[in-house]
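Spelled out from the first residue to the last, the chains are:
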Amino acid sequence: MKRIFLTTCWLLLFASSFAQESLITSIGNRKALSLNGAWQYIVDPYETGFYDYRFKELKENNGDAYWNTDVQKNKTEKKEHGYIDKYTIQVPGAWNHQKPEFLYYEGTIWYKKSFDYHRENSNSNYYLYFGAVNYRADVYLNGKKLGMHIGGFTPFNFAIPDSLLKEKGNFLVVKVDNKRGADEVPTLNTDWWNYGGITRDVKVVEVPTGFIQDFVIQLKKPVPGAIPAVTPDAEGWVKSKNIKAGEIITINIPELKFKKQLAATGDITPINFKLPKIKLWSPEHPKLYHVSVSAGADVVDDQIGFRTIEAFGKQVLLNGKPIFMRGICIHGEIPQDVRRAVGPDDAKQLLNQARELGCNMVRLAHYPHDEAITRLADSLGILVWSEIPVYWTINFGSNAVLNKAKAQLQEMITRDHNRASIIIWSVGNETPISQTRTDFMHSLITKAKELDNTRMISAALEVNYASLKNVNVVDDPLGEFVDLVAFNEYLGWYGGLPDQCRKTSWSTPYNKPLFISETGGGAKGGFHADSLTRFSEEYQEWYFKEQVAMLKRMPDNFVGITPWVLNDFRSPKRNNPVYQEGWNRKGLYDDKGNKKKAFYIMQNYYNEMKTKTSK
Ligand code: GCU
């Protein structure tokens, strides 16, 4: 018993000593020095910077062997590593596409960036911010360990101790390890490329001593089925640091000539007020308002759209009106360059492709994507399903794994809780049914609702095939806890032929909206044959023709679909030497951005549905 107690204490101590500061949001609108660009690196597959030759952790266990920058102080020094310009890599960006030798690399790479920092204001505090590092990051500044973060697709930041930041010659070292693990999130087995590295922006963020760390302002969850009032209620909170109770927090929405002042009540100050008459955000009219929140010397700005979203009976209501979601699944990858998508240009490429298909919605699979795409979705009026990578066979029996999933869920929601486009938080994909798994996923759903009661919670479920002949039932026990019953089906690709759709109908015992979160078949772009030839464009076209005919017979709670997938994408699991060669070919666009024949089947269906549902 004592041993368990001591272990738990150690774990809590370890977690707390390396726990990163809770997230600072609206980073793009804050004063910051970008550390993007060329970093030097050391590839370290045996983690020599962490362990001695007996593979025992180095006494400092802070990689000090790898943080000091001098290649070799003198000719007698035995040094078997070092940073020089011959070995540089770009940040943001995974290593897999930057160096041919790193295409399949899974392990540790040490990154180093030297920078000067001129402090204009002696009353400022400084944080080191990472948009994402896949998968584990151990961060050192000027030889001091700032902390460690686990999770490949969500932002994190560490406070920089005041005395640590120098005017000249700061050196930042990050040990990045993208090894997959049985007790990680995701786990060992995924159908996407394990891009490793510092894959999103890195910044030194400067804030006043007393500052606004985060805030959320959303329309209050509506009375079920209600249309928002002309002057709707808004609610949320302001999270501040070193702002004393009683200090004034001001919320400004200039376009509305709206200004609200309230006294800080501690680190979290609840907000609850009526807005003046506003234009609601919707896909047709993606109206965003400049909102600024200030306290002390800090002012934080954001662009926020106000809308309500809810699952109501068999429908999904946006601003109190039923919507049909014409979606597509997207991986965070630019296939033409075989690299992770990051930044506004990549976001524009992917969302423009989706819009060309006729989409009003995207499912960002299977992990939180770069912030640029959710912000662009806000501006373009594209609805978003955002998801954490609780994918397939996660270790559902492990509390440590649950905590990792909860941490990623919290980081995903915290970063984007002001994004009007995001209407669904998804807690996972195709997780195999068991009581342990359902308890694990239910716990995530509960956590998500605690963090945000304004959006729908869902997960991509699997189907209980042939429970009744040709009626496929979506009766996953998790359906009891989600707002939207979403399922993946591959009738005609994984088993059977596409004409299986003709004799298939769908049902769910849950009186909730029903959503198809994946359906798709593979085709190598430009390969043409008869429709019975797998991997031909004609087979994929037939697949979607049969699917669309079936969609027209879905039950009355069918509210939308996100076919699998926008673009062909890299996967180490897809190795047919003629048709795949390391690519999953289910894209409606091929890896060069060419539309396949199936694209037009879905585009035609979406044009019909747009006309039919926009009355
Ligand atoms: C699964 C899974 C996807 C995968 C797809 C496929 O449903 O959710 O991540 O890529 O099917 O088999 O292509």
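Residue positions are given per chain, counting from 1 as you read along its sequence in written order. Where totals are concerned, whole chains, interfaces and linings use all residues; where local detail is concerned, this predicted model gives features only for residues with pLDDT of at least 70, and gives and counts side-chain atom pairs only at 80 or more. No hydrogens and no water enter the side-chain calculation; it runs on all heavy atoms of the structure.

**Looking at the pattern of salt bridges**
Note the following rule: Each reported salt bridge corresponds to a side-chain nitrogen of Lys or Arg within 4 Å of a carboxyl oxygen of Asp or Glu. Only DSSP runs of H or I with at least four residues qualify as helices, and only runs of E with at least two residues qualify as strands; both kinds are numbered from the N terminus onward.
Tallied over the full model, the rule gives 38 salt bridges. Here E371 and R375 are joined by a salt bridge, their closest N and O atoms 2.9 Å apart. With E371 and R375 both in helix α4 (residues 371–380), this residue pair falls four residues apart, about one helical turn. Residues joined in a network through salt bridges with shared partners are D302, E371, R375, D378 and R419.

**Describing the sheet that holds strand β17 (residues 268–274)**
As a reminder, the rule being used: Paired strands are those between which DSSP finds at least two bridges. Helix axes are fitted to C-alpha atoms over the stretch in contact, other axes to C-alpha atoms as well, and angles between N-to-C directions run from 0 to 180 degrees.
The strand order across the open sheet formed by three strands is β13-β14-β17, and the pairing between neighbours is antiparallel. The open sheet has two edge strands, β13 (211–219) and β17, and neither has a second partner. The average angle at which neighbouring strand axes cross in this sheet is 15 degrees, direction not considered. In this sheet, β17 lies alongside strand β14 (residues 233–241) in antiparallel orientation, the contact comprising seven bridges. Bridge assignment links G236 to a residue of β17, and that residue is I271.

**Focus: unusual backbone geometry**
What counts, and what does not: The cut-offs for exposure are 20% and 50% of the maximum accessible area for each residue type, with area from a 1.4 Å probe on protein chains only; residues under the lower value are buried, those over the upper are exposed, and the others partly exposed.
Residue Y135 is reached from N134 by a cis peptide bond, and omega for that bond is 20 degrees. Inspection of the secondary structure assignment puts Y135 in the loop between β6 (133–134) and β7 (136–141). A cis amide bond, omega 10 degrees, links V185 with the succeeding residue P186. Within the secondary structure, P186 sits in the loop between β10 (170–177) and β11 (197–198). Its identity as a non-glycine residue notwithstanding, N319 has a phi of 55 degrees, on the positive side. Locating N319 in the fold gives a position in the loop between β21 (315–318) and β22 (321–322). Look at N319 and you get buried, because its relative accessible area is 7%.

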